[in-house]
Structure formats: structure tokens, C-alpha cells
Amino acid sequence: YVNQALLDFINKNKDQFTFGIISNNYRGAEELLMSRFGIPKFYDIFVSSADVGVLKPDKKIYEYAVEQLKVFPLECLFVDDVEINIAGAKSIGMQGIQYIDNPVFFKQFQQALSL
């Protein structure tokens, strides 16, 4: 399902932030999200483990995403529902939030901005 509140949040803030997806998936997963599941393109970059050759939480996938974004890791906030994936992102200097639900995410996001 589409988390409409989260999608609305992203659309509201897309001029202020860059959004991306890091996915442990196969080539063509991005097209599948949009065509089969009707997920709108709300992100600026899509990094697939199939393209990088490693799965999250391998640090190489996060490093690749940072290179594509042309930013420093500390400028990135990685959100995932799996704690070990967040640890992988933090290992290269990214900030991380474990997604539990929308209220927790929105609170943690605001806290991350104040750091």
C-alpha cells in the first residue's frame, strides 16, 4: 500500500530535501514500483543492490548512493525499518532513523534536523 501521509510529507518537502531509495532488489524494480503497484516517482535517485553488486547493510551501497547524490554522508538521513540496515548507513557517517510508524518518524525527523 502507499503510505499517503508519508508521501504527502515527501511531496511537501521535495524542494527543501533530496529523496532517494536504496533497495535490496533486482534490476527493473524501479519500473515495477511505478507500473505494477502504482507508486508515484517521489524520489530523485534509485539505488538497487543489483546495480551495485552488494546488499544492504554493506557499506558499498550507501557509499554509492552518496556518490550519486554528490553529498557528504553526514548530510544524509537514512530511513529503514530494519535496524541492521541503519547500522550499515551509520558506518559511513550517515544519520539513521528506524521507521516504526508515521508519528515516530515525524518526531525523529524533526530531532535529526535539530542536530
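Conventions adopted
- Residues numbered from 1 in each chain as written.
- Predicted model: local features only at pLDDT ≥ 70, side-chain atom pairs only at ≥ 80, totals over all residues.
- Heavy atoms only, no water.
- Axes fitted to C-alpha atoms, helices over the stretch in contact; angles between N-to-C directions.
- Helix = DSSP H or I, 4+ residues; strand = E, 2+ residues; numbered from the N terminus.
- Parallel < 35°, antiparallel > 145°, perpendicular 65-115°, else oblique.
- Left-handed = near helix turned anticlockwise from the far one by under 90°.
- Contact = heavy atoms within 4.5 Å.
- Core = buried A, V, L, I, M, F, W, Y, C linked by side-chain atoms within 4.5 Å.
- Buried < 20%, exposed > 50% of the residue type's maximum accessible area, 1.4 Å probe, protein only.
- Salt bridge = Lys/Arg side-chain N within 4 Å of Asp/Glu carboxyl O.
- Phe/Tyr/Trp six-rings, centres within 6.5 Å; stacked < 30°, edge-to-face > 60°.
- Expected span 1.5 Å × (residues − 1).
- Arc of directions from axis to C-beta.
- Polar contact = N/O pair within 3.5 Å; in protein donor to acceptor, adjacent residues only side chain to side chain.

Chemist: Would you mind going over the packing of helix H1 (residues 4-13) against helix H6 (residues 102-113) with me for this structure?
Modeler: Geometry of a packed helix pair, given as the angle between the helix axes and the separation of the axes. Following both chains from N to C, one finds H1 and H6 inclined at 25°, their axes separated by 10 Å at the closest point. By the angle between their directions, the pair H1 and H6 is classed as roughly parallel. The crossing of H1 and H6 is right-handed. Contacts between H1 and H6 involve Ala5, Leu6 and Phe9 from the first element and Asn102, Phe105, Phe106 and Phe109 from the second.

Chemist: Is there a simple way to explain the nonpolar core in this structure?
Modeler: One recurring pattern in soluble globular proteins: nonpolar side chains tend to sit buried together. Ranked by size, the top nonpolar core spans 14 residues in total, and within it Ile22, Val47, Ile61, Tyr62, Phe78 and Met94 carry the most contacts. Within the residue set of this core, elements represented by two or more residues are strand E2 (45-48), helix H4 (59-69) and helix H5 (83-90). Among the elements that make up this core, the one with the highest residue count is H4 (4 residues). Apart from residues lying up to four places away in sequence, isoleucine 61 is in contact with Ile22, Ser23, Asn24, Val47, Ser48, Ser49, Val52, Val54 and Lys56. Counting residues in hydrophobic clusters, the runner-up holds 6 residues, among them Phe9, Ile10, Phe105 and Phe109.

Chemist: Is there a simple way to think about the pattern of salt bridges in this case?
Modeler: Pairs can form between side chains of opposite charge whenever their charged atoms are close. Evaluated as defined, the whole model comprises 1 salt bridge. Notably, a salt bridge pairs lysine 56 with aspartate 80, separated by 2.9 Å at the nearest N-O pair. Of this pair, lysine 56 sits in the loop between helix H3 (49-52) and H4 while aspartate 80 sits in strand E3 (residues 77-80), and the two are 24 residues apart along the sequence. Classification of aspartate 80 as buried rests on a relative accessible area of 7%.

Chemist: Explain the packing of aromatic side chains here, please?
Modeler: For any pair of aromatic rings, geometry is given as the distance between the ring centres together with the angle between the planes. Scanning the model with the defined rule gives 11 aromatic pairs in all. Ring centres of tyrosine 43 and phenylalanine 46 lie 5.9 Å apart, and the angle between their planes is 50°; on these two criteria the pair is classed as tilted. In this pair, the class of tyrosine 43 matches that of phenylalanine 46, namely buried. Three or more aromatic residues joined by ring pairs make a cluster, and in this case those are Phe9, Phe17, Phe19, Tyr99, Phe105, Phe106 and Phe109.

Chemist: What is the right way to read H6 from this model?
Modeler: Note: α-helices contain 3.6 residues per turn, so residues at a spacing of three or four share the same orientation. Here H6 contains 12 residues, and its C-alpha end-to-end distance of 16 Å stays within 8% of the 16 Å for a straight helix at 1.5 Å per residue. Every buried residue of H6 is accounted for by Asn102, Phe105, Phe109 and Ala112. Buried residues of H6, seen end-on, are gathered within an arc of 85° and therefore sit on one face of the element. Residues Pro103 and Lys107 are exposed on H6 and point more than 90 degrees away from its buried face. On its buried face, H6 sits against H1, E3 and strand E4 (95-98). With a side-chain oxygen lying 2.9 Å from the backbone nitrogen of valine 104, the N-terminal cap of H6 falls on aspartate 101.

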